[in-house]
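Structural overview
Chain residues, written in single-letter form:
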Amino acid sequence: MSHRFYAVQTTSGHENKVRSLIQRKIDADPAAPEARAIRQALVPTEEVVEIKAGKKVTVERKVYPGYVLVEMEAHEDALHTIGSLQGVIKFVGKEREPAPLRDDEVRRLLGLADEAEEVAPKEEIPFLIGQAVAITDGPFTDFNGVVEDVMPDKGKVRVSVSLFGRPTSVELDYLQLRAH
């Protein structure tokens, strides 16, 4: 049997705790690292930029909240060891059989974890198309409008405002807006 990655559903908010409990089990295993049934546990994260108190703040967010990825051989002892840990709900799969993640999913997840360090964090824009907004900065201060388009790659929002009684599209930085 070979080592594969499996998703383990955990109690929400306890992903890191479950990961550390699994890591303790791995560290306590007297077998050589390559002979261990359970090799590693991961909580994939990514960095995103959020607005807090009107300022951009980079925060680390879990890619899959409520899940831990475990690289292991899916035999009875390993399944029981993981399943009996506090905070673990179940393995993801059909009925009682855990389903291993596909290799392309694992490569993407592990690649995502590596990219998070190299790539600038993506910005999360807190506005939706059709949402009413008030413009708080720039030449259109105190105007109200409706969001027409959200461009997260640019950090911009296209807003329709009424100028001289006609709707006009204006492209603004999302920091210049607040929900109306």
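Residues numbered from 1 in each chain as written. Predicted model: local features only at pLDDT ≥ 70, side-chain atom pairs only at ≥ 80, totals over all residues. Heavy atoms only, no water.

Let's talk about the packing of aromatic side chains
The criterion, for reference: Two rings from Phe, Tyr or Trp (for Trp, the six-membered ring) form a pair when their centres are within 6.5 Å of each other. A pair whose planes differ by under 30 degrees is stacked, one over 60 is edge-to-face, and the rest are tilted.
Evaluation of the coordinates by the stated rule reveals 1 aromatic pair. Look at F140 and F143: their rings are 5.7 Å apart centre to centre, the planes differ by 80 degrees, and that puts the pair in the edge-to-face class.

Describing helix 1 (residues 15-28)
What counts is decided by this rule: Labels follow the DSSP assignment, with helices taken as runs of H or I lasting at least four residues and strands as runs of E lasting at least two, numbered in each case from the N terminus. Helix span, expected: 1.5 Å multiplied by one less than the number of residues in the helix. Buried, partly exposed and exposed residues are distinguished by accessible area as a fraction of the type maximum, computed with a 1.4 Å probe on protein chains only: under 20%, between the cut-offs, and over 50%, respectively. Relevant arc is that of directions from the helix axis to the C-beta atoms, nothing else. Whether two residues are in contact is decided by their heavy atoms, any of which lying within 4.5 Å being enough.
Taking 1.5 Å as the rise per residue, helix 1 with 14 residues should run 20 Å; its terminal C-alpha atoms sit 20 Å apart, in good agreement. Taken together, the buried positions of helix 1 are occupied by E15, V18, L21, I22 and I26. What you see down the axis of helix 1 is that its buried residues fit within an arc of 145 degrees, all on one side. Exposed and facing more than 90 degrees away from the buried side of helix 1 are R24, D27 and A28. Where helix 1 is buried, its residues meet strand 1 (4-10), strand 2 (38-42), strand 4 (55-62), strand 5 (67-72), helix 2 (76-83) and strand 6 (88-91).

Let's talk about the sheet that holds strand 13 (residues 166-173)
Adjacent strands of a sheet pair through backbone hydrogen bonds, lying either parallel or antiparallel. Counted only if it meets this: Any two strands with at least two DSSP bridges between them are considered paired. Comment: axis = line fitted to C-alpha atoms, over the contacting stretch for helices; angle = value between 0 and 180 degrees taken between N-to-C directions.
In spatial order, the strands read 13-12-11-10-14; together these 5 strands make up an open sheet with antiparallel pairing. The sheet is open, and its two edges are formed by strand 13 and strand 14 (177-179), each paired on a single side. Sheet twist, expressed as the average angle between the axes of neighbouring strands with direction ignored, equals 45 degrees. Here 3 bridges tie strand 10 (residues 132-135) to strand 14, and the two strands are oriented antiparallel to one another. When the sheet's bridge partners are listed, A134 is paired in strand 14 with R178.

Examining a nonpolar patch on the surface
Let me state the cut-off plainly: Residues with no salt bridge and a relative accessible area higher than 30% make up the patches, which join like charges within 9 Å and nonpolar side chains (Val, Leu, Ile, Met, Phe, Trp, Tyr) within 5 Å. Accessible areas in this description were obtained via Shrake-Rupley with a 1.4 Å probe; residue shielding takes into account the shown protein chains only. Between Lys or Arg on one side and Asp or Glu on the other, a salt bridge is scored when a side-chain nitrogen of the former is within 4 Å of a carboxyl oxygen of the latter.
Together, Y64, Y67 and V92 line one region of the surface with nonpolar side chains, adding up to about 230 Å² of accessible area. Within the element layout of this structure, Y64 appears in the loop between strand 4 and strand 5.

Details of the nonpolar core
One broad trend across soluble globular proteins is that nonpolar side chains are buried collectively. Operational definition: Put simply, a nonpolar core is a bunch of buried Ala, Val, Leu, Ile, Met, Phe, Trp, Tyr and Cys residues held in one set by side-chain atoms that sit within 4.5 Å of each other.
One finds I22, I38, V68, V70, M72 and I82 to be the most contacted residues of the largest nonpolar core, which totals 19 residues. Looking at this core element by element, the count peaks at 4 residues for helix 1. Once residues lying within four places of it in the same chain are set aside, the contact partners of I82 are V8, I22, I38, V70, M72, V88 and F91. The next biggest cluster of nonpolar side chains, apart from the first, holds 14 residues, and it includes V133, V147, V161 and V170.

Examining the pairing of strand 3 (residues 45-52)
Sheet topology note: the strand 3/strand 4 ladder contains 8 bridges and is antiparallel. Across the sheet, K52 pairs through a bridge with K55, a residue of strand 4. Counting the residues that bridge the hairpin from strand 3 to strand 4 gives 2 residues, and of these A53 lies at a positive phi of roughly 55 degrees.

Topic: the pairing of strand 13
Where strand 12 (residues 156-163) lies against strand 13, 8 bridges are found, and the strand directions are antiparallel. By the bridge assignment, L163 is partnered in strand 13 with R166. Counted along the chain from strand 12 to the antiparallel partner strand 13, the turn is 2 residues long, and its residue F164 has a positive phi close to 55 degrees.

Side note on the sheet that holds strand 5
Spatially, 4 strands are ordered 2-5-1-6 in an open sheet, and the strand pairing comes out antiparallel. Single-partner strands in this sheet number two, and they are strand 2 and strand 6. Between one strand and the next, the sheet's axes are offset by a mean angle of 30 degrees, whatever the strand orientation. Sheet analysis places strand 1 next to strand 6, joined by 3 bridges and oriented antiparallel. In the sheet register, Q9 faces strand 6, and the bridge partner there is K90. Sheet strands in contact with helix 1 are strand 1, strand 2, strand 5 and strand 6, and its direction is about 160 degrees off that of strand 2.

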